[in-house]
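Working through the structure, step by step
In case you want the letters, here they are:
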Amino acid sequence: MITSTQLKTKRLFDLLLAVLLLPVLFFPIVVLVILASLDIKAFGIFSQQRIGQHGKPFFIYKLRTLREEPHLLGHLDKSATTLGRFLRQSKLDEWPQLFNVLKGDMSFVGPRPDVRGFADELEGDDRIILNVKPGITGPATLKYKDEERVLERQKDPDHYNRTIIWVDKVKINKNYVSNYSFYLDLIYILKSTLNK
């Protein structure tokens with residue numbers, strides 16, 4: 001089980017890394033926001049409410065990649081522009097979450113934050129997942145880095161997501177929190193960087 005001392009160390013690391021990365025990534029993020037704005041013809045930052053630590057809602061920031069139309073699970077890449085698909089595949093659309101980390105809503109490593117109807121409905125010992133801040137990357141994120149392509153192949157993507165992928169993610173994230181290691185956080189960050 002992750003301890004309060006480990007949580008404080010994790011937060012300190014997040015702050016230090018975010019402060020180091022911000023001067024390097026700020027200008028590229030601004031350029032990408034401008035390109036996304038021109039591409040979508042709307043402000044290039046997408047904001048959506050997600051469930052955070054202890055079940056508290058927050059707004060996540062991403063680069064806008066999808067056209068303004070209803071978006072169905074398993075069809076997101078079809079709704080994306082050419083630039084949007086590149087941003088999603090390269091994970092560059094996640095860069096604005098650096099500001100979520102600075103604000104304290106997110107960590108560099110942890111369970112990915114979901115919309116309502118998932119983490120907020122966890123029960124019993126599954127709620128251990130909510131003890132940590134959601135992350136930009138993590139063990140479940142790495143395993144399901146091609147999640148959208150998996151969902152595209154399903155007859156009922158929403159059902160498959162809820163009964164197969166989400167159940168497995170809960171198991172993976174419970175193990176992450178129960179056996180937390182700062183060393184493993186560093187490994188997940190390294191793997192995410194190499195898997196771009």
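In this text the structure is predicted, and so the values were computed from the model without any measurement.

**Some words on the nonpolar core**
Core analysis: the biggest nonpolar cluster contains 25 residues, and Phe108, Val109, Ala119, Leu122, Trp166, Tyr176 and Val177 have the highest contact counts within it. Broken down by element, the residue count for this core peaks at four residues, all from helix H7 (residues 157-178). If we skip the residues at most four places from it in the chain, tyrosine 176 touches Lys10, Val109, Gly110, Pro111, Pro139, Asp185 and Tyr188. Counting residues in hydrophobic clusters, the runner-up holds eight residues, among them Leu32, Ile45, Leu63 and Leu92.

**A closer look at the packing of aromatic side chains**
Scanning the model with the defined rule gives four aromatic pairs in all. In this structure an aromatic cluster arises from ring pairing among Tyr176, Tyr180 and Tyr188.

**Examining the packing of helix H1 (residues 4-40) against helix H8 (residues 182-194)**
Between H1 and H8, the least distance of the axes is 11 Å, while the angle of their chain directions is 35 degrees. The chirality of how H1 crosses H8 is right-handed. Across the interface between the two elements, Lys10, Phe13 and Leu17 of H1 pack against Phe182, Asp185, Leu186 and Ile189 of H8. Taken together, the residues that form the contact of H1 with H8 break down as five nonpolar, no polar and two charged.

**Describing the packing of H1 against helix H3 (residues 82-90)**
Viewed as axis vectors pointing N to C, H1 and H3 meet at an angle of 145 degrees, and their least axial separation amounts to 9 Å. Of H3, the residues touching H1 (which contributes Leu32, Leu35, Ala36 and Asp39) are Leu83, Gly84 and Leu87. Residues that form the contact of H1 with H3 fall into these classes: five nonpolar, one polar and one charged.

**Quick look at unusual backbone geometry**
Trans peptide bonds make up the majority, and among non-glycine residues the majority have a negative phi. One non-glycine residue with positive phi stands out, namely lysine 41, at about 65 degrees. In this fold, lysine 41 is placed in the loop between H1 and strand E1 (45-51). Backbone geometry places histidine 54, a non-glycine residue, at a positive phi of 60 degrees. Look at histidine 54 and you get exposed, because its relative accessible area is 59%.

**A look at the pattern of salt bridges**
As enumerated under the stated definition, the model contains 11 salt bridges in all. Note that lysine 62 and glutamate 94 form a salt bridge whose closest N and O atoms lie 3.8 Å from each other. Linking lysine 62 in strand E2 (residues 57-63) with glutamate 94 in the loop between H3 and helix H4 (97-103), this pair joins segments that are 32 residues apart in sequence. There is no split in this pair, since lysine 62 and glutamate 94 are both buried. Between lysine 174 and aspartate 126 there is a salt bridge, with the nearest N and O atoms lying 2.9 Å from each other. Here the residue lysine 174 occupies a position in helix H7, and aspartate 126 occupies one in the loop between strand E3 (107-109) and strand E4 (135-137), the gap between them amounting to 48 residues. Counted as one network, the salt bridges with shared partners bring together Lys62, Asp93, Glu94 and Arg112.

Scoring rules and cut-offs
- Residues numbered from 1 in each chain as written.
- Predicted model: local features only at pLDDT ≥ 70, side-chain atom pairs only at ≥ 80, totals over all residues.
- Heavy atoms only, no water.
- Core = buried A, V, L, I, M, F, W, Y, C linked by side-chain atoms within 4.5 Å.
- Buried < 20%, exposed > 50% of the residue type's maximum accessible area, 1.4 Å probe, protein only.
- Helix = DSSP H or I, 4+ residues; strand = E, 2+ residues; numbered from the N terminus.
- Contact = heavy atoms within 4.5 Å.
- Phe/Tyr/Trp six-rings, centres within 6.5 Å; stacked < 30°, edge-to-face > 60°.
- Axes fitted to C-alpha atoms, helices over the stretch in contact; angles between N-to-C directions.
- Left-handed = near helix turned anticlockwise from the far one by under 90°.
- Nonpolar A, V, L, I, M, F, W, Y, C, P; charged D, E, K, R; others polar.
- Salt bridge = Lys/Arg side-chain N within 4 Å of Asp/Glu carboxyl O.

Keep in mind that these numbers describe shape and distance, not what the molecule does.
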